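Observations on the three-dimensional arrangement
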Amino acid sequence: MTGTHPDTVLLDLDGTLVDSAPGILGSLRSAFDELGLPWPTESIGRQVLGPPLYRSLPAIVGEEATAEVIPVYRRRYAETGLLASEPYPGIDALLRELSAAGTRLALATSKAEVHARAILEHRGWTNLFEVTCGDTLDAARPNKAAVVAEALHRLGEPGAAMMVGDRSHDVVGARAHGIGCVGAGWGYGQPGELAEAGAVTVVATPAELGAALSLTGR
């Protein structure tokens, strides 16, 4: 990556800013148990995180079971799983440094926006983000490209922008709008996934992310 100084940074949430796997997978398991459905141990793990569950589950358990599970999962997640999301080491400091440096921050997540806002508020990050954009509860933004489109719309004139995410969906969704993506190598992506998708670069730590975004050169 060259010495680009993005005016705006769009950030994914799950697997990029916070490790939300325990809350998501725990709530999902609770939903399966409540419905009396067998838990597909071999098929469901961190690899399903990133795209909306209503898109990743059908290939594993079928459309009918997915339609049953999603409403129960959402209730369980709102009750107990939502706030079981711990920031990755160094993320809090990085967000505050980016904000203090004048970078416009936008959250662009496939998580339901109402849940994303609750996590930001819980972490004390709400005021760091100019825009918080996620999916709707009726699935109006079913992929990352749709989320990025809405985030850019809300930003108005984003200037030079860069996406940061941990899955190929982030790279592809950003590229649909002519935006590069820095890969968060600590997230839920499989080995080589981000590079193969065309990430500008893949960094191993939040400290490396700060350097990749040219934070120190601003």
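Going by the structure above, here's the rest.
One structure accompanies this document, and this report is about it. (Residues numbered from 1 in each chain as written. Predicted model: local features only at pLDDT ≥ 70, side-chain atom pairs only at ≥ 80, totals over all residues. Heavy atoms only, no water.)

According to the stated counting rule, one finds three aromatic pairs in the structure shown. An angle of 90° between the planes, with centres 5.1 Å apart, marks the rings of F32 and W39 as edge-to-face. The two residues F32 and W39 agree in class, both being buried. Ring geometry for Y73 and Y77: centres 5.6 Å apart, planes at 20°, overall stacked. With a gap of four residues between them, Y73 and Y77 both fall in helix α4 (residues 63-81), about one helical turn apart. (Phe/Tyr/Trp six-rings, centres within 6.5 Å; stacked < 30°, edge-to-face > 60°. Buried < 20%, exposed > 50% of the residue type's maximum accessible area, 1.4 Å probe, protein only. Helix = DSSP H or I, 4+ residues; strand = E, 2+ residues; numbered from the N terminus.)

Glancing now at the packing of helix α1 (residues 21-35) against α4. At a minimum axis distance of 8 Å, the contact between α1 and α4 shows a crossing angle of 130°. The pairing of α1 with α4 is recorded here as oblique in orientation. Our pair here, α1 against α4, has a crossing hand that is right-handed. Side by side, α1 and α4 meet where G23, I24, S27, L28, S30, A31, F32, E34 and L35 of the first sit next to E68, V69, V72, Y73, R75, R76, Y77, T80 and G81 of the second. Here the contact of α1 with α4 is built from residues that sort into nine nonpolar, five polar and four charged. (Axes fitted to C-alpha atoms, helices over the stretch in contact; angles between N-to-C directions. Parallel < 35°, antiparallel > 145°, perpendicular 65-115°, else oblique. Left-handed = near helix turned anticlockwise from the far one by under 90°. Contact = heavy atoms within 4.5 Å. Nonpolar A, V, L, I, M, F, W, Y, C, P; charged D, E, K, R; others polar.)

A positive phi angle, near 60°, is found at A139, a position not held by glycine. Structurally, A139 can be placed in the loop between β5 (131-135) and α7 (144-155). For A139, a relative accessible area of 29% translates into the label partly exposed.

Ranked by size, the top nonpolar core spans 46 residues in total, and within it L17, L28, L95, W125 and F129 carry the most contacts. With six residues, α1 is the single largest residue contributor to this core. With 19 residues, the next largest nonpolar core counts A106, A108, V147 and C181 among its residues. (Core = buried A, V, L, I, M, F, W, Y, C linked by side-chain atoms within 4.5 Å.)

Within the structure shown, the criterion is met by zero disulfides. Here C133 stays unpaired: no disulfide links it, and the sulfur of C181, its closest cysteine neighbor, is 16 Å away. For C181, a relative accessible area of 2% gives the class buried. (Disulfide = S-S within 2.5 Å.)

Function cannot be read off these values alone, since they describe shape.
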